[in-house]
Amino acid sequence: MSLSQTTSSSSSDSGSLSAPQQNVGRSRGSAHADSLSPGLALALEGSRHWRDIFWLAVFMLHMIGIGLILAVLGLNRFKKKDRLNIDKYTMGFLQNDEGLTENYWPLYALAGGVGTVLGWFWLLLLGSRAIQMMKVAVHILTTYLAVISVLCFWGEQFFWGVAFAVGAALQFLYVISVIDRLPFTMLVLQGAVKMVWNLPEVMRVSLSFMLVMLLWLALWSFGAAGVVASSMGDGGRWWLLLVFSVSLFWTGAVLCNTVHVIVSGMVFLVLIHGSREAESMPSRPLLKSLRYAVTTSFGSICYGSLFTAAIRTLRWEIRGFRSKIGNNECLLCCVDFLFHLVETLVRFFNKYAYVQIAVYGKSFNHSARDAWELFQSTGVEALIAYDCSGAVLLMGTLLGGLITGTCAGVWTRIKYPDRVIMVGSTAMLMGMILVGLAMVVVESAVTSIYICYAEDPLLIHRWDAQFFNQMSETLHQRLQHRSSRAREVLTSSRFDGHPEDIIRV
């Protein structure tokens, strides 16, 4: 980047220092929160066009195809070996023909039960112990991963032992790199929990979608049990389970993001109108949000669910690693390349798109781009970059999945020792999805709060003045920090006499 570009970037950051105050003043003057209500009410109550229909069709065809395959593979080994006479197609992978679907199906039933209990437990304690549970998840996850790694080595599962050891190391490094951000993260999560706890209907939505997920998991685990019991060798089993696991991940992400859209629409309305009991609240807001989420906006949810989770996780890891590199210019250059590549992807795939989908009914890419441009134009992107609430919630989801996989794995170890990893790893995914359906209500509130804060900070001020003041103070500090970094790079470049070597801060 050139010297002039760096100077403009620095002045832009400096000029953004008062963005929240400017927005609040503007809101008080001519754009009071109540003036937003008519337009938003029209967006929420008016007719909408179907969006991203292609991805809706792909998802539905995928569900039908995978469902049929799961049913066939499960029935083929149900109470009778090779009931449908399809083992002849797997003769090339033949190793043994022992095992029935009902031998392994109860193991997955245990996983579904444990995951559901953990999800319900989280929702029940949401109002009183949510922050404490998140703190425990952050600190205990590294230890849990390390213990599982040791157990895998002890059971001579060296690949999985290394995989869990690497996971423990990455988790430890990430927590160390963001330890200074956790107080602000817990502040944001506490505000989101307060919002959700006052809306019991959104927790009922989460419980309902858990039941829907359990119905699909009943079929999915039936087919997975048939694969584990099949006559194929381990290679064939693993490939089939991998395909089914990717399908389950997408299905689970779609359901989680559907809940995200429903809850976001409800939270956004509460912030716009001041409270759940406000007279200006539209009638049956939850049902309308649900109707849009499962009809006109469902294609956008299916599309975003394919990529958003992976990009977010990669972004968190790169951000944490980037902040601890120091002065290693070669390594910093490589990481910066990856960082800016991921940042470009985030512009088109981010979780804040679901709020725009809930409120305005836009397509996914349009929603993601508008949300990101809104954050950058108001300076709120500095807060989002500093916030780790999504990562903390993901840690809780991972811990729930690991507990579920451990329970299923212990029982499998007792009955079928050679199938521990195969059943345990797939059971872990089931647990993560079920716990994630409980966690997503808090994440929805977080994203809605940020969107409202960027569109009109007075909405947050009216809802909780103390929370607003803390957010504004942190935003001011983060923008000052960015400006000081820009000035340091500019000053050092002038002393070096190589302005053309300035890199973006």
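Everything numeric in this text was worked out from a predicted model, so none of it was measured.

### Observations regarding the overall build of the protein chain
Argument step 1. When you go through the protein chain residue by residue, the secondary structure sums to 20 helices and zero strands.
Argument step 2. In the protein chain, of all internal contacts separated by at least 6 residues, the share reaching a separation of at least 24 is 80%.
Argument step 3. In the structure as shown, the protein chain presents an accessible area of about 22500 Å², 65% of it carried by carbon and sulfur atoms.

### Some words on helix H8 (residues 182-197)
Helical geometry: 3.6 residues make up each α-helical turn, so side chains three or four residues apart lie on a common side.
Argument step 1. An ideal rise of 1.5 Å per residue puts 22 Å on 16 residues; H8 measures up with 22 Å between its terminal C-alpha atoms.
Argument step 2. Summarising burial for H8: twelve of the 16 residues are buried, a large majority.
Argument step 3. When we look at burial in H8, the residues that qualify are Leu182, Phe184, Thr185, Met186, Leu187, Val188, Leu189, Gly191, Ala192, Val193, Met195 and Val196.

### A closer look at the packing of helix H9 (residues 200-228) against helix H10 (residues 234-273)
Argument step 1. Packing of H9 against H10 leaves a shortest axis separation of 11 Å and a crossing angle of 170°. If you check the angle between H9 and H10, you find them roughly antiparallel.

### Things to note about unusual backbone geometry
Argument step 1. Even without being a glycine, aspartate 52 presents a positive backbone phi close to 50°.
Argument step 2. Relative to the helices and strands, aspartate 52 is located in the loop between helix H3 (33-45) and helix H4 (53-76).
Argument step 3. The backbone of glutamate 156 shows a phi angle near 65°, a positive value even though the residue is not glycine.
Argument step 4. Relative to the helices and strands, glutamate 156 is located in the loop between helix H6 (126-154) and helix H7 (158-177).

### As for the packing of aromatic side chains
Argument step 1. Here the structure, examined in full by the defined rule, presents 20 aromatic pairs.
Argument step 2. Ring geometry for phenylalanine 59 and phenylalanine 298: centres 5.9 Å apart, planes at 75°, overall edge-to-face. Of the two residues, phenylalanine 59 is situated in helix H4 and phenylalanine 298 in helix H12 (residues 298-322); the sequence distance between them amounts to 239 residues. There is no split in this pair, since phenylalanine 59 and phenylalanine 298 are both buried.
Argument step 3. Here the aromatic rings of tryptophan 160 and phenylalanine 164 are separated by 6.4 Å at their centres, their planes lie at 40°, and the arrangement is tilted.

### Things to note about the pattern of salt bridges
Argument step 1. Tallied over the entire structure, the rule returns four salt bridges.
Argument step 2. Between lysine 362 and aspartate 370 there is a salt bridge, with the nearest N and O atoms lying 2.7 Å from each other. Both residues of the pair, lysine 362 and aspartate 370, belong to the buried class.

### Topic: the environment of tryptophan 250
Argument step 1. Note on placement: tryptophan 250 falls in helix H10.
Argument step 2. The spacing of tryptophan 250 and glycine 304 is 54 residues in sequence and 9.9 Å in space, taken between C-alpha atoms.
Argument step 3. Setting aside chain neighbours within four positions, we find tryptophan 250 in contact with Val58, Phe59, His62, Cys302, Ser305 and Leu306.
Argument step 4. From its side chain, tryptophan 250 meets the backbone oxygen of cysteine 302 in a polar contact 3.0 Å long.

### Describing the confidence of the model for the protein chain
Argument step 1. For the protein chain, the average pLDDT comes to 81, and 77% of its residues sit at 70 or higher.
Argument step 2. Averaged pLDDT values for the elements of the protein chain fall to 38 in helix H1 (residues 3-15) and rise to 94 in H4.
Argument step 3. A low-confidence stretch, residues 1-39 stays under pLDDT 50, and its non-local contacts, those more than four residues away or across chains, total 57 contacts.
Argument step 4. When the criterion is pLDDT under 50, residues 498-505 qualifies, and its contacts beyond four places in sequence or with other chains add up to 19 contacts.

### Brief notes about the packing of helix H15 (residues 364-378) against helix H18 (residues 420-455)
Argument step 1. Running from N to C, H15 and H18 point in directions that differ by 55°, and their axes come no closer than 9 Å. When the axis of H15 is compared with that of H18, the two are oblique. Two packed elements cross with a definite hand, and for H15 against H18 that hand is left-handed. Residue-level contacts link Ala371, Leu374, Phe375 and Thr378 of H15 to Tyr450, Ile451, Ala454 and Glu455 of H18.
Argument step 2. Grouping the constituent residues of the contact of H15 with H18 by class yields six nonpolar, one polar and one charged.

Criteria and thresholds
Residues numbered from 1 in each chain as written. Predicted model: local features only at pLDDT ≥ 70, side-chain atom pairs only at ≥ 80, totals over all residues. Heavy atoms only, no water. Helix = DSSP H or I, 4+ residues; strand = E, 2+ residues; numbered from the N terminus. Contact = heavy atoms within 4.5 Å. Areas by Shrake-Rupley, 256 points an atom, 1.4 Å probe, with all protein chains shown as cover. Expected span 1.5 Å × (residues − 1). Buried < 20%, exposed > 50% of the residue type's maximum accessible area, 1.4 Å probe, protein only. Axes fitted to C-alpha atoms, helices over the stretch in contact; angles between N-to-C directions. Parallel < 35°, antiparallel > 145°, perpendicular 65-115°, else oblique. Phe/Tyr/Trp six-rings, centres within 6.5 Å; stacked < 30°, edge-to-face > 60°. Salt bridge = Lys/Arg side-chain N within 4 Å of Asp/Glu carboxyl O. Polar contact = N/O pair within 3.5 Å; in protein donor to acceptor, adjacent residues only side chain to side chain. pLDDT = per-residue confidence, 0-100. Left-handed = near helix turned anticlockwise from the far one by under 90°. Nonpolar A, V, L, I, M, F, W, Y, C, P; charged D, E, K, R; others polar.

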